[in-house]
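Here are the chains, one letter per residue:
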Amino acid sequence: MRRTARIALLAAVLAALSAGRAAAQQQTPKPPEKATPAMPGMHGMHGDSAHHAGAPAAPGAKPKPGARPDAGKPAGPTSHEGMAGMEHGAMSMPIPMPAGMPMMPGLMGLSTGLTPFLPGAGVDPASLPAARPTEVAHLEDGDTLELTAMLVRRTVRGRTFTMYGFNGQVPGPLIRVPQNATITVRFRNRIDLPSAVHWHGVRLDNASDGVPGVTQAPVAPGDSFVYTVHFPDAGIYWYHPHVREDIEQAMGLFGNMLVDAPDRDYYSPANREQVLILDDLLMNGDTLIPFGTEGPDFALMGRVGNVILVNGEPRYSLRVKRGEVVRFYLTNASSSRTYNLSFGGAAMKVVAADVSRFEREERVESVVLAPAERYVVQVRFDRPGRYALVNAVQAINHFRGEFEPEVDTLGIVTVEATPATPDYSRAFATLRANAAVSRDIAKYRPYFDKEPAKRLTLTVEATGLPLATVQFMSIDTAYYAPVEWVDGMPDMNWLSTSRQVRWILRDDATGKENMDIDWHVPQGSIVKLRIFNDPRSFHPMQHPIHLHGQRMLVVARDGVRTKNLVWKDTALIPVGSTVDLLIDASNPGDWMLHCHIAEHLGSGMMALLHVDPSGRP
Ligand SMILES: [Cu+2]
């Protein structure tokens, strides 16, 4: 049903477009093989305009979150006013299409209308330091870290680019601290955009949350800012700029924080630890796809890269001994991509996520990691040989209207014949219950069945998109996937920018949207928030919703109570789903609630939650 419908609808759109008719005439579908084939050369970059980006300071000059560059600009789908791609700029359709998928004929020759941006315009890459792998910064309570965002020369798949790194490292330094430590971070901005650092998932003082326009001014190029970072919770966290994440984070500004509990037995035992950050880079042959100076491109689905990187490299490798138990700390630093990870059939158990351990360890076949989420998994490699770290997902072929399995190998774990010592096989086979987690959660249980105090609907509005995109979307939306794992429509996606697309958090009670939502709750309150991801919107998509400075429980999905709880700071809301979150509003201040798809955030999908101080010292 779904497959045939997709074939019919896309064929109809293609046929209508090539015949110059309105897409409303899709009742006369043609078979897809009649579709216009890909034009030779359309994948090529026209000129090297990508390396001559416009005003470098512009992309980060976002004074206030939520502000849209041209909000309210009237532009209907039949009007060329303000329409994406009607300005034939220097950059024309550099977007690589998935194998076997032709570009939508109506989109050929269009451009985003944005000034292309890549880091380090006019800088000779040979003059820059080569990016180095992550180094561990062991810090104790009271220590200070110098952290500099800078230009680096980085080689990916044999091609050298000017990108960003913290302290010259990609990912940035791994900050390893004991739980309850407080450190000082002296941040210096030496890149060509305004920046700031957000300490993702850490329940720290509001003044150090790193959100320009909310907790601080943007740090201009050449300037600095001092953060005080306190770590009340053990686990794996990460830091990244909260300014033009679609550029700065994607170009290498991210790193982990690993917070050690005083209890050495906090996790069940492992022979070794590995910290893996995943991200993806969008390349067209030998070049990077430039970003938009004025705002994000790829605003519909976010920028989904075609090169997946583990710790900044296309191929991860690890050698272990037979029977070794490895504890992997996994972080998704991608702008938009959600992963489904497994280790070639090796036994895996999930032990922790964003802000705590699970109530109980659980055996899993794979782990799903949306942008900004973290999971801690333990994997036992019991036979000599090679195990592939894979991302195995269902792709949608929008052209053929089919779901297709897509498996990417991200790395190889080679297992030697020598047995590992100590032998943790028995501890690994035991699924531990973490009674301390259940005890901590106990006082929140009475709130699980309360009526939600707040309700949000997730949706989107678009104006001025290319006609072909509007026609495709209007039909395609009838058949959505709960999670879009890959970008099956990169041409349409690229041409949709934050000028045309506005992603929306809508307060059901007041109708207010995004930054007009100004929720106040008293410190110490326990807030049930119900989020519904409307499948009937113009282009429904999953959203990883992140709340700063607090912790929350996903207590139910579509009315089904979560059986094994864990404290989170980011929750994936699939299309069509209703998710109940219980927020522990314990940390006073002004905190962002937003989608962590960088381009959705850059297209307005954010709100503020004020946690008002209790008034008591
Ligand atoms: Cu989103």
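Let me sum up the structure you'll find in this document. (Residues numbered from 1 in each chain as written. Predicted model: local features only at pLDDT ≥ 70, side-chain atom pairs only at ≥ 80, totals over all residues. Heavy atoms only, no water.)

### A closer look at the overall build of the protein
So, step 1. Along the backbone of the protein there are seven helices and 36 strands.
So, step 2. Of the roughly 22700 Å² of accessible surface on the protein, a fraction of 52% belongs to carbon and sulfur atoms. (Helix = DSSP H or I, 4+ residues; strand = E, 2+ residues; numbered from the N terminus. Areas by Shrake-Rupley, 256 points an atom, 1.4 Å probe, with all protein chains shown as cover.)

### A word on the coordination of the copper ion
So, step 1. With distances of 2.0 to 2.1 Å, the protein atoms coordinating the copper ion are His543 (ND1), Cys595 (SG) and His600 (ND1).
So, step 2. Going along the chain, you hit the donors of the copper ion in the pattern H-x51-C-x4-H. Placement of His543 in strand β29 (residues 543-547) and of His600 in helix α7 (residues 598-601) is noted, with a sequence separation of 57 residues between them. A single burial state applies to His543 and to His600, both of which are buried. (Donors = N, O, S within 2.8 Å, 3.2 Å for Na, K, Ca; no water. Buried < 20%, exposed > 50% of the residue type's maximum accessible area, 1.4 Å probe, protein only.)

### Section: the sheet that holds strand β10 (residues 255-260)
So, step 1. Read across the open sheet, the five strands follow the order β2-β5-β10-β9-β7; overall the sheet is mixed. Strands with a single pairing partner mark the edges of an open sheet, and in this sheet they are β2 (136-138) and β7 (198-200). Across the sheet, the axes of successive neighbouring strands diverge by a mean angle of 25 degrees, strand direction being ignored.
So, step 2. Strand direction decides the pairing type here: strand β5 (residues 174-178) and β10, joined by four bridges, are parallel. Its bridge partner lying in β10, Val177 is registered against Val259. (Pairing = 2+ DSSP bridges. Axes fitted to C-alpha atoms, helices over the stretch in contact; angles between N-to-C directions.)

### Looking at the side chain of Thr570
So, step 1. If you trace the backbone, Thr570 turns up in strand β33 (residues 570-573).
So, step 2. The exposure class of Thr570 is buried, given its relative accessible area of 0%.
So, step 3. Within the structure, Thr570 has its side chain in polar contact with the side chain of His200 (distance 3.3 Å).
So, step 4. Discounting chain neighbours no more than four positions away, the residues touching Thr570 are His200, Asp354, Pro371, Ala372, Glu373, Pro544, Ile545, His546 and Met552. (Polar contact = N/O pair within 3.5 Å; in protein donor to acceptor, adjacent residues only side chain to side chain. Contact = heavy atoms within 4.5 Å.)

### Side note on the sheet that holds β29
So, step 1. Sheet architecture is open: five strands sit in the order β27-β36-β35-β29-β33, paired in mixed fashion. Of all the strands in the sheet, just β27 (518-522) and β33 have a single pairing partner and so form its edges. This sheet shows a mean twist of 20 degrees between the axes of neighbouring strands, independent of strand direction.
So, step 2. Relative to strand β36 (residues 606-612), strand β35 (residues 589-595) is paired through six bridges, and the arrangement is antiparallel. Paired with Leu593 across the bridge in β36 is Ala607.

### A closer look at unusual backbone geometry
So, step 1. Of note, the amide linkage connecting Val170 to Pro171 takes the cis form, showing an omega dihedral of -10 degrees.
So, step 2. Following the sequence through the fold, Pro171 ends up in the loop between β4 (159-166) and β5.
So, step 3. In the segment running from Thr421 into Pro422, the intervening peptide bond is cis, with an omega of -10 degrees.
So, step 4. Inspection of the secondary structure puts Pro422 in the loop between β24 (402-419) and α3 (425-429).
So, step 5. Residue Arg157 is not a glycine yet carries a positive backbone phi of 50 degrees.
So, step 6. Tracing the chain through its elements places Arg157 in the loop between β3 (144-156) and β4.
So, step 7. By relative accessible area, which is 58% here, Arg157 ends up exposed.
So, step 8. For Asn180, which is not glycine, the phi torsion reads 75 degrees and is therefore positive.
So, step 9. As for its position among the elements, Asn180 is in the loop between β5 and β6 (182-190).

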